[in-house]
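Each chain is listed here by its residues.
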Amino acid sequence: MRVIDSHTGGQPTRVIIEGGPDLGRGPLWERRRIFAERFDAYRRRCVLEPKCSDAMVGALLCEPDDPEAAAAVIFFNTSGYLGMCGHGTIGLGVTLAWLGLMKPGAHVLETPVGAVALDLLDANTVRFENIPSDCLALDVALEVPDLGRVIGDIAWGGNWFFLVDAAQLGEDGLDPARIDILARKSWAIRRALAEQGFTGRDGAEIDHIEITTARAGSGANSRNFVLCPGGAYDRSPCGTGTSAKLACLAARGQLAPGQDWVQESVIGSRFQARYRPGASGIIPSITGRAHVFADAHILSDPADPFGLGIPAL
Ligand code: PYC
């Protein structure tokens with residue numbers, strides 16, 4: 001498999017551009033199912049250790065269904081498949097530009113959860129309009145072992161998020177030196193959500209936990225820590241997480257359409273964001289920068305006992 005690696009605000013994306021599975025044609029959500037059921041070895045070879053790090057998000061470049069679309073993509077990570085990925089969309093746009101396959105300007109990108117408008121602003125900068133995002137429930141009370149009662153919001157931004165104010169967890173500054181502790185607290189929240197029956201729409205698992213604080217660096221509105229489904233934390237401000245945050249701010253009347261919002265990650269990287277009203281939720285617009293750092297081939301050695309990755313221990 002030929003892959004191009006990039007990072008968006010510190011969070012890596014690995015795009016498979018050659019040698020990936022042939023999923024046929026048809027709706028992308030159906031092709032994602034085929035990928036998961038029949039070709040999961042490709043995901044494992046691409047993102048699991050020892051060939052990769054647990055932070056990596058993979059992106060399989062596919063033929064779009066819509067002839068007007070520039071590309072189609074299925075995102076995946078160490079634990080499975082994603083609906084949408086914001087930092088990955090920025091990484092993909094910059095990767096396609098680096099390959100000479102995308103020119104600056106407006107494009108459509110197909111994802112399993114809907115079409116995304118992608119604007120390549122320059123070789124390293126992408127703005128995208130995410131799928132409609134909304135807040136399903138505000139101020140949900142959860143009992144979390146060792147943390148007590150935690151109140152948070154459930155929101156959709158292309159993935160399902162539970163958003164918690166950091167002060168409730170005694171983590172007001174979201175200090176990067178406390179990333180391990182933030183991850184442990186987020187895992188406890190995620191387990192409690194599942195055990196207490198809290199889900200997204202249609203019983204979907206809430207598999208991203210987002211802790212946010214208004215105490216960000218100067219020029220930013222908020223800092224976040226996002227726990228991803230496989231247990232890694234997002235080094236970027238998380239595009240789908242920023243979309244979920246905007247949906248909650250809009251639901252509370254705390255951010256008006258068109259108003260700028262700067263979201264900072266726990267390591268200090270930033271996305272510019274804003275939203276416009278849509279028919280079924282808000283339409284977030286997110287701008288971020290990515291850098292390509294590797295053009296590589298993933299080799300497959302049948303004698304390698306860890307060729308399909310180190311299984312979860
Ligand atoms: O940027 O949307 C995102 C994302 C999801 C998981 C990791 N990054």
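Refer to the structure above for everything that follows.
The structure presented is a predicted model; accordingly, all values stated were derived computationally and were not measured.

(A) Broad picture of the overall build of the protein chain. Secondary structure assignment for the protein chain yields 5 helices and 15 strands. In terms of overall dimensions, the protein chain is globule-like: its C-alpha atoms have a radius of gyration of 19 Å, near the 20 Å expected for 313 residues. With the principal axes as the frame, the protein chain shows a C-alpha extent of 50 × 45 × 35 Å. Going through the 313 residues of the protein chain one by one, you find that 52% of them count as buried. A sequence separation of at least 24 residues applies to 63% of the contacts in the protein chain between residues at least 6 apart. The positive charge centre, built from 29 side chains, and the negative charge centre, built from 37, are 2 Å apart in the protein chain.

(B) How the structure looks around the nonpolar core. Ranked by internal contacts, the top residues of the largest apolar core, which has 58 residues, are Phe 75, Phe 162, Ile 189, Phe 225 and Leu 246. With 7 residues, the single largest contributor to this core is helix α4 (residues 179–195). Excluding anything up to four places from it in sequence, Leu 246 contacts Leu 255, Trp 261, Ala 273, Arg 274, Tyr 275, Ile 282 and Pro 284. The next biggest cluster of nonpolar side chains, apart from the first, holds 17 residues, and it includes Leu 28, Phe 35, Val 47 and Ile 74.

(C) Structural view of the packing of aromatic side chains. Per the stated rule, a full pass over the model turns up 6 aromatic pairs. Between the aromatic rings of Phe 35 and Phe 76, the centroid separation amounts to 5.5 Å while the plane-to-plane angle is 80 degrees, which identifies the pairing as edge-to-face. With Phe 35 in helix α1 (residues 28–38) and Phe 76 in strand β4 (residues 71–76), the pair connects residues that are 41 residues apart, well separated along the chain. On the basis of relative accessibility, which here comes to 0%, the residue Phe 35 falls in the buried class. Judged by centre distance (6.3 Å) and plane angle (50 degrees), the ring pair of Phe 76 and Tyr 81 falls under tilted. Assessed through its relative accessible area of 0%, Phe 76 is described here as buried. Here the aromatic cluster, defined as three or more aromatic residues joined through ring pairs, consists of Phe 35, Phe 76 and Tyr 81.

(D) Expanded view of the site of the ligand. Around the ligand, the neighbouring residues are Cys 85, Gly 86, His 87, His 208, Cys 228, Asp 234, Cys 238, Gly 239 and Thr 240. Residue Gly 239 places a main-chain N or O atom 2.8 Å away from an oxygen atom belonging to the ligand. Taking 250 Å² as the accessible area of the ligand by itself, protein coverage stands at 99%.

Reading the values: rules and limits
- Residues numbered from 1 in each chain as written.
- Predicted model: local features only at pLDDT ≥ 70, side-chain atom pairs only at ≥ 80, totals over all residues.
- Heavy atoms only, no water.
- Helix = DSSP H or I, 4+ residues; strand = E, 2+ residues; numbered from the N terminus.
- Rg over C-alpha atoms; globule rule 2.2 N^0.38 Å.
- Buried < 20%, exposed > 50% of the residue type's maximum accessible area, 1.4 Å probe, protein only.
- Contact = heavy atoms within 4.5 Å.
- Lys, Arg positive; Asp, Glu negative; His and termini not counted.
- Charge placed at Lys NZ, Arg CZ, Asp CG, Glu CD.
- Core = buried A, V, L, I, M, F, W, Y, C linked by side-chain atoms within 4.5 Å.
- Phe/Tyr/Trp six-rings, centres within 6.5 Å; stacked < 30°, edge-to-face > 60°.
- Near = heavy atom within 4 Å.
- Polar contact = N/O pair within 3.5 Å; in protein donor to acceptor, adjacent residues only side chain to side chain.
- Areas by Shrake-Rupley, 256 points an atom, 1.4 Å probe, with all protein chains shown as cover.

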